[in-house]
Amino acid sequence: MTVRTRFAPSPTGFLHLGGARTALFAWAYARRHSGTFILRIEDTDLERSTPEAVQAIIEGMLWLGLQHDEGPFFQMQRMDRYREVIAQMLEQGTAYHCYTSPEEVEAMREKQRAAGKKPRYDGTWRPEPGKALPAIPAGRKPVVRFRNPQDGEVTWNDAVKGPITISNQEMDDLVIARPDGTPTYNFCVVVDDWDMKITHVIRGDDHVNNTPRQINILKSLGAEVPVYGHVPMILGADGEKLSKRHGAVSVMDYPAQGFLPEAMLNYLARLGWSHGDEEIFTMEQFCAWFDLNHLTKSPAQFNPEKLAWLNNHYIKAADNARLASLVRPVLEAEVGETSGGPDLQAAIELMKERAHTINDLALSCSMFYKEPRPDQGLMAEHLIEGVKPALSEYASQLKSVTWNRAALSALMKGLLATHKLKMPQLAMPLRLMLTGQLQTPSIDAVVELIGRDTAVARIEKYL
Ligand code: GLU
């Protein structure tokens with residue numbers, strides 16, 4: 001059997017974290033089994049679906065690198081197929097026309113609720129052997145209902161939740177086509193899963209109630225029933241459903257805030273799935289390990305600090321040229337043109353250790369691309385008369401010293417010894433002069449990065 005999974009978002013907004021995680025699991029499962037991953041856009045809700053949302057989903061998937069092998073298929077382009085299947089079902093008697101009006105259905109439900117019963121369609125138009133159906137009301141267009149089995153039960157072994165059994169008596173006859181002939185949501189999903197030969201349906205557990213109905217329809221069509229795995233939702237740290245209150249919920253807000261896709265993927269992979277104690281892993285490892293047995297049954301909690309920690313890990317591991325291409329636009333928005341300043345990759349190498357986001361990294365690099373404007377009070381405090389001779393000797397020797405970290409460090413050590421000074425006595429005023437700040441990487445690294453002429457000029461300005 002070739003594994004075929006799908007991600008089937010409704011394009012009604014951005015790609016949110018929960019959707020991205022579902023997509024990741026479905027993608028990884030296909031990869032793990034050398035299968036096929038399908039992207040299907042469930043756009044039949046015409047009022048809520050937008051082309052912008054389709055674009056946002058595709059962009060989000062692209063940023064994460066969750067490439068689909070087939071699709072995107074659009075349900076709105078498959079209407080003829082759904083109609084064809086409905087016609088077949090009417091012919092075979094697994095579906096029937098129902099002329100009960102929506103008002104009548106509502107009244108029926110009202111009555112059942114009042115009697116303390118579960119509201120359901122009462123089966124007026126359901127054909128049975130020997131049963132006479134009412135006269136068709138003039139001018140009324142029927143809906144099509146699925147003839148759900150009345151006995152027995154539906155059982156499936158959910159790959160996440162374990163065995164689930166629902167009695168058929170719990171389910172009434174689902175409307176599969178509206179009076180204008182358009183198919184309903186559950187029906188389109190079934191026909192698609194069938195036609196697309198989906199073997200594993202991995203989706204959010206908000207769909208678990210649809211599954212027994214979908215299984216019954218699949219069976220009535222003589223279709224193979226896929227494996228279902230319903231992934232619990234993602235909660236905020238406070239245990240509430242994840243929402244904007246907990247931070248960004250749209251995947252594409254994360255590149256905007258300076259997150260790397262590999263950090264996001266690694267983070268999402270661990271939300272509700274585990275492989276021993278592994279916290280940091282590549283997507284190759286994830287695809288080799290991923291199975292449905294290690295998905296947790298309880299909802300996962302979104303933890304922004306952990307995501308930031310992972311992002312820091314991946315920033316440290318990332319190639320500086322790649323980081324520079326991400327940092328440069330953010331940095332230039334802050335300081336303007338950077339081409340006259342130090343080599344950005346070298347600046348990044350100095351600053352990446354502590355950066356939690358690309359935006360952090362750009363901000364910390366920005367001190368190397370701005371004219372330093374040290375606080376006058378701080379300058380007066382650190383640039384005392386006693387250190388000026390050593391500083392001016394430093395500036396003059398900088399003009400000819402070999403330009404590397406080791407030589408700069410030897411120069412500094414020599415001066416500290418001759419002038420009987422401690423490192424901070426020289427380093428602090430130098431930091432202020434060179435960057436306007438007291439907190440910088442080691443002074444040798446800063447001087448090396450800033451370059452000979454700029455460093456000398458910035459120091460001499462104060463002497
Ligand atoms: N379109 C549904 C959603 O976005 C998913 C349906 C499914 O995976 O079966 O929630």
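This text follows the structure it describes.
Residues numbered from 1 in each chain as written. Predicted model: local features only at pLDDT ≥ 70, side-chain atom pairs only at ≥ 80, totals over all residues. Heavy atoms only, no water.

Caption draft 1: Spatial organisation of the overall build of the protein. Scanning the protein from N- to C-terminus turns up 19 helices and 12 strands. In terms of C-alpha radius of gyration, the protein reaches 32 Å, well past the compact-globule figure of 23 Å for 463 residues. Taken across its 463 residues, the protein has 49% of its residues classed as buried. Long-range contacts, defined here as pairs at least 24 residues apart, represent 75% of the contacts in the protein between residues at least 6 apart. Accessible surface for the protein amounts to roughly 22,200 Å². Of this, 51% is attributable to carbon and sulfur atoms. (Helix = DSSP H or I, 4+ residues; strand = E, 2+ residues; numbered from the N terminus. Rg over C-alpha atoms; globule rule 2.2 N^0.38 Å. Buried < 20%, exposed > 50% of the residue type's maximum accessible area, 1.4 Å probe, protein only. Contact = heavy atoms within 4.5 Å. Areas by Shrake-Rupley, 256 points an atom, 1.4 Å probe, with all protein chains shown as cover.)

Caption draft 2: Spatial organisation of the state of the cysteines. For the structure shown, the criterion picks out zero disulfides. Cys98 forms no disulfide, and the closest cysteine sulfur to it belongs to Cys188, at a distance of 19 Å. You can call Cys98 buried: its relative accessible area is 1%. (Disulfide = S-S within 2.5 Å.)

Caption draft 3: The arrangement of empty space enclosed by the protein in detail. Summed over the entire model, instances satisfying the criterion amount to one cavity of 30 Å³ or more. Taken as a whole, the largest cavity spans an internal volume of roughly 40 Å³. Lining of the largest cavity is provided by Glu371, Pro372, Met433, Arg458, Lys461 and Tyr462. Of the residues in the lining of the largest cavity, the class split is three nonpolar, no polar and three charged. (1 Å grid on protein atoms, 1.4 Å probe; cavity = no way out; pocket = protein on both sides within 12 Å on 5 of 7 lines; lining within 4 Å. Points joined across faces, edges and corners; volume = space filled by probe spheres on them. Nonpolar A, V, L, I, M, F, W, Y, C, P; charged D, E, K, R; others polar.)

Caption draft 4: Summary view of the site of the ligand. Around the ligand, the surrounding shell consists of Arg6, Ala8, Pro9, Ser10, Glu42, Tyr185, Val189, Arg203 and His207. Between Ser10 and the ligand, the recorded distance is 2.9 Å, taken from a side-chain N or O atom to a nitrogen atom. The side chain of His207 places a nitrogen or oxygen atom 2.8 Å from an oxygen atom of the ligand. Protein burial of the ligand: of its 300 Å² of free accessible surface, 82% is covered by the chains. Among the cavities detected, the one that contains the ligand is the largest pocket. The residue makeup of the shell around the ligand, split by class, is four nonpolar, two polar and three charged. (Near = heavy atom within 4 Å. Polar contact = N/O pair within 3.5 Å; in protein donor to acceptor, adjacent residues only side chain to side chain. Sits in = over half its atoms within 2 Å of the grid points.)

Caption draft 5: Fine view of the packing of aromatic side chains. Applying the stated rule across the entire model yields 12 aromatic pairs. On the numbers, 5.9 Å between centres and 80° between planes, the contact of Trp273 with Phe281 is edge-to-face. Residue Phe281 is classed as buried on the basis of its relative accessible area, which comes to 2%. Plain terms: the ring middles of Phe286 and Phe290 are 5.2 Å apart, the flat faces sit at 55° to each other, and that makes the pair tilted. The exposure class assigned to Phe290 is buried, which follows from its relative accessible area of 0%. Positioned over the ring face of Tyr121 is Arg145, at 3.6 Å from the centre of the ring. (Phe/Tyr/Trp six-rings, centres within 6.5 Å; stacked < 30°, edge-to-face > 60°. Lys NZ or Arg CZ within 6 Å of the ring centre and 35° of its normal.)

Caption draft 6: Highlighting the pairing of strand β3 (residues 70-74). Where strand β2 (residues 36-41) and β3 come together, three bridges link them in parallel fashion. Its bridge partner being in β3, Ile38 is matched across the sheet by Glu70. (Pairing = 2+ DSSP bridges.)

Caption draft 7: Seen up close, unusual backbone geometry. In this structure, the amide linkage connecting Gly71 to the following residue, Pro72, adopts the cis form with an omega of 0°. Topologically, Pro72 is positioned in strand β3. At Lys197, a position not held by glycine, the phi torsion is positive, near 55°. As for its position among the elements, Lys197 is in the loop between α5 (185-195) and β9 (200-204). On the accessibility criterion, Lys197 (59% relative accessible area) is exposed.

Caption draft 8: Main features of the pattern of salt bridges. One pass over the structure, following the stated rule, counts 30 salt bridges. Between Arg147 and Glu128 there is a salt bridge, with its nearest N and O atoms 2.8 Å apart. Remark: Glu128 occurs in the loop between α4 (102-114) and β5 (143-146) and Arg147 occurs in the loop between β5 and β6 (153-158); sequence separation between them is 19 residues. Exposure remark for Arg147: the relative accessible area of 25% places this residue in the partly exposed category. Residue classification places Glu128 among the partly exposed positions, given a relative accessible area of 28%. One salt bridge connects Glu385 with Lys388, and the closest N-O pair in it is separated by 3.3 Å. Several salt bridges share partner residues, and in doing so they unite Arg6, Arg40, Glu42, Arg78, Arg81, Glu84, Asp192, Asp193 and Asp195 into one network. (Salt bridge = Lys/Arg side-chain N within 4 Å of Asp/Glu carboxyl O.)

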